[in-house]
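Spelled out, the chains give:
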Amino acid sequence: MKYGLIAGNGRFPFLVLEGAREQGIDMVVAAIKEETAPEIERHAARVEWIGVGQLGRLIRFFKRERVTHAIMAGQVKHRQIFRVNALPDLRMVKMLARLPTKNTDSLIGAVADELAIEGITLVESTTLLESFLAREGVLTRRKPGKEERADFDYGLEVAREIARLDLGQTLCVKDRAIIAVEAMEGTDAVIARAGEITGSRPFVVVKVAKPGQDMRFDVPVIGVPTIEAMRHAGATGIHITANKTLLFDKEQLVELADKAGIWVMSGQ
């Protein structure tokens, strides 16, 4: 068994490589030119830089390296598929032509199918990071108040439906009203937008896993930047999905949240 990593942006790919090293697993990396940090070169013995539309090149690299199992880690911003430098190769063109829709699930699911055709199994992105998954409960000193609970209870209903439609996984709520919904911009950006709408007055963030979340890709993640974005925007707390959300830098995240008076709660 040999692992290959498909690396996007952020710290996620680096943590996967760290987890692999701790378990004595050697990984080669297919790094997305438009997204992956150049430092990835210092963390893996073999790195191939590919464009976001170069599916054929990705597969050829993995086949050449005898990869049998692949992990996707790190975000590839959805807007990349609309950019000129993301022009697809022939393998990607043929794949895209078969898709009735081009949302996250259909796109990445189709990539997984293409890998499978070549004998490469896409496995859960948390395979080497089980300890990073959020367990159920309140993680911070402060717990949500009665009004905040009413807001996230309402927000959870709406967020699950939006996630089911594969529109986004995050929304912001104030006084049982949805003030901002994530589309392609990402969690931190939607939190910032909510702060602009409310004038930085208190609101609650809800981030959910999709119903039937495919843990091979698009797994919810929060980290210190999420708490920083909340602090700047005026958000007072965030509710995430237990056992299906990755927490990066958990100790620092909780410490920052505690200092800012922000609660972090993981539940169903």
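The structure displayed is predicted, hence computed values, not measured ones.

**Description of the overall build of the chain**
- When its secondary structure is counted, the chain shows 8 helices and 13 strands.
- On C-alpha atoms alone, the chain measures out to a radius of gyration of 19 Å, which is about the 18 Å that the 2.2 N^0.38 rule sets for 268 residues.
- C-alpha atoms of the chain, sized along the principal axes, occupy 55 × 40 × 30 Å.
- Looking at the chain residue by residue over its 268 residues, the buried ones come to 52%.
- Pairs at least 24 apart in sequence give 72% of the contacts found in the chain among residues at least 6 apart.
- With an accessible surface of roughly 12500 Å², the chain has 53% of that area assigned to carbon and sulfur atoms.

**What about the packing of helix 2 (residues 55-64) against helix 3 (residues 90-97)?**
- As a packed pair, helix 2 and helix 3 sit with axes 5 Å apart at the nearest point and diverge in direction by 115 degrees. From helix 2, Leu55, Gly56 and Ile59 reach across to helix 3, where they touch Arg91, Met92 and Met95.
- For the contact of helix 2 with helix 3, a count of residues per class yields 4 nonpolar, 1 polar and 1 charged.

Calculation notes
Each chain carries its own residue numbering, running from 1 in the written order of its sequence. Given that this is a predicted model, residues contribute local features only at a pLDDT of at least 70 and side-chain atom pairs are listed and counted only at 80 or more, while totals for whole chains, interfaces and linings are drawn from all residues. Note that the side-chain values use all heavy atoms of the structure and ignore hydrogens as well as water. Comment: elements are numbered from the N terminus, with helices defined as DSSP H or I runs of at least four residues and strands as E runs of at least two. Just to be clear, the radius of gyration here is over C-alpha atoms, and the globule rule we use is 2.2 Å times residues to the power 0.38. For each residue, the accessible area found with a 1.4 Å probe, counting protein chains only, is set against the maximum for its type, and the residue is called buried under 20%, exposed over 50%, and partly exposed in between. Any pair of residues with heavy atoms lying within 4.5 Å of one another is described as a contacting pair. Accessibility throughout is a Shrake-Rupley quantity obtained with a 1.4 Å probe, and a residue counts as covered only by protein chains that appear here. Axis definition: a line fit to C-alpha positions, over the contact stretch in the case of helices; interaxial angles, taken between N-to-C directions, run 0 to 180 degrees. Residue polarity follows a fixed list, in which Ala, Val, Leu, Ile, Met, Phe, Trp, Tyr, Cys and Pro are nonpolar, Asp, Glu, Lys and Arg are charged, and the others, Gly among them, are polar.

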